[in-house]
Amino acid sequence: MEKITRIWLTDSEIWIQTEDGRTASESFADYPRLRYATRVQRESYTYDAFGIHWEELEEDLSFEGFFRKKEYTPLYRLFMEHPELNASAVARRMGLSQSLFAQYICGAKKPSEKRYREILKTIHDIGKELESINDVSGKVEYALSV
């Protein structure tokens, strides 16, 4: 992994520069939490040797991903088409590291078929839980099935 020597923001992208002078960017539009974030939220990032992290937004970008040819995985399309889904929350619910889950979504790592099915099952379970919410007389009730 090359050392990143500079990180900067424009109105629509985040840019990095490597020690050997190569530059790359990621568009905020490709990441719903960054797309809808304020400038102050976007500027509130930390970074380490592996990537950039927005704790408040629960978003992570790996430096490796900046230089990877963009292939839109099924998980990427799922989370882009449904920005109401919070990938970090799904990862936490599954007991996965948010960084690993982000790599599954961006295609840096490919989940096994079993792991992919577990991810989809977790998302389906969330949907079922949301579907079971009933609003009765102004009170929200949860119809929990066991």
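Remember, predicted model here, so these are calculated numbers, not experimental data.

Caption draft 1: Fine view of the overall build of the chain. Counting secondary structure elements, the chain contains seven helices and eight strands. If you take every contact in the chain between residues at least 6 apart in sequence, the share linking residues at least 24 apart comes to 43%. In the structure as shown, the chain presents an accessible area of about 9500 Å², 51% of it carried by carbon and sulfur atoms.

Caption draft 2: Structural detail: the pairing of strand E5 (residues 51–54). Relative to E5, strand E4 (residues 46–47) runs antiparallel, the two sharing two bridges. Across the sheet, Thr 46 pairs through a bridge with His 53, a residue of E5. Looking at chain direction, E5 and strand E6 (residues 59–62) are connected through four bridges and run antiparallel. Within E6, the position partnered with Gly 51 by the bridge is Ser 62.

Caption draft 3: Spotlight on the sheet that holds strand E3 (residues 23–27). Read from one edge of the open sheet, three strands run E1-E2-E3, paired in antiparallel fashion. The open sheet has two edge strands, strand E1 (4–9) and E3, and neither has a second partner. Strand-to-strand, the axes of this sheet are offset by a mean angle of 20 degrees, without reference to chain direction. Bridge analysis of strand E2 (residues 13–18) against E3 gives five bridges, and the strand direction is antiparallel. Within E3, the residue paired with Gln 17 across the bridge is Thr 23.

Caption draft 4: Molecular detail of the packing of aromatic side chains. Summed over all chains, the structure comprises four aromatic pairs. Taking the ring centre of Trp 8 as reference, the NZ or CZ of Arg 6 above it sits at 4.0 Å. Taking the ring centre of Phe 67 as reference, the NZ or CZ of Arg 22 above it sits at 4.2 Å.

Caption draft 5: Up close: the side chain of Arg 42. Tracing the backbone through its elements, the reader meets Arg 42 in helix H2 (residues 39–43). At 3.1 Å, the side chain of Arg 42 and the backbone oxygen of Arg 35 are in polar contact. Beyond its immediate sequence surroundings of up to four residues, Arg 42 is in contact with Leu 9, Asp 11, Phe 28, Leu 34, Arg 35, Ala 37 and Trp 54.

Caption draft 6: Seen up close, the side chain of Gln 103. Positionally, Gln 103 belongs in helix H6 (residues 98–106). Residues contacting Gln 103, with those up to four places away along its chain left out, are Ala 108 and Lys 109.

Reading guide: rules and limits
- As a convention, each chain's residues are numbered from 1 in the sequence order in which they are written.
- Local features are withheld for residues below a pLDDT of 70 in this predicted model, meaning they are given only at 70 or higher, and side-chain atom pairs are given and counted only at 80 or more; totals for whole chains, interfaces and linings count all residues.
- The basis for every side-chain value is the complete set of heavy atoms in the structure, and neither hydrogens nor water enter the calculation.
- Runs of H or I in DSSP of at least four residues are treated as helices and runs of E of at least two as strands, each being numbered from the N terminus.
- Any two residues whose heavy atoms approach within 4.5 Å at even a single point are treated as in contact.
- With residues, only the protein chains shown are counted as cover, and all accessible areas are computed by Shrake-Rupley using a 1.4 Å probe.
- The rule for pairing is simple: two strands pair if DSSP sees at least two bridges between them.
- An axis is simply a line fitted to the C-alpha atoms; with a helix, the fit covers only the stretch in contact. Between two such axes, the angle follows the N-to-C directions and lies from 0 to 180 degrees.
- Centres within 6.5 Å are what make two rings of Phe, Tyr or Trp a pair, Trp counting through its six-membered ring; a difference in plane orientation under 30 degrees is then read as stacked, over 60 as edge-to-face, and the rest as tilted.
- Comment: the charge-over-ring label is applied if NZ (Lys) or CZ (Arg) is within 6 Å of the ring centre and within 35 degrees of the ring normal.
- Counted as a polar contact is a pair of N or O atoms within 3.5 Å, where, for protein atoms, one must be capable of donating a hydrogen and the other of accepting one, and residues adjacent in sequence contribute only when both atoms are in side chains.

In short, shape yes, function no, at least from these values alone.
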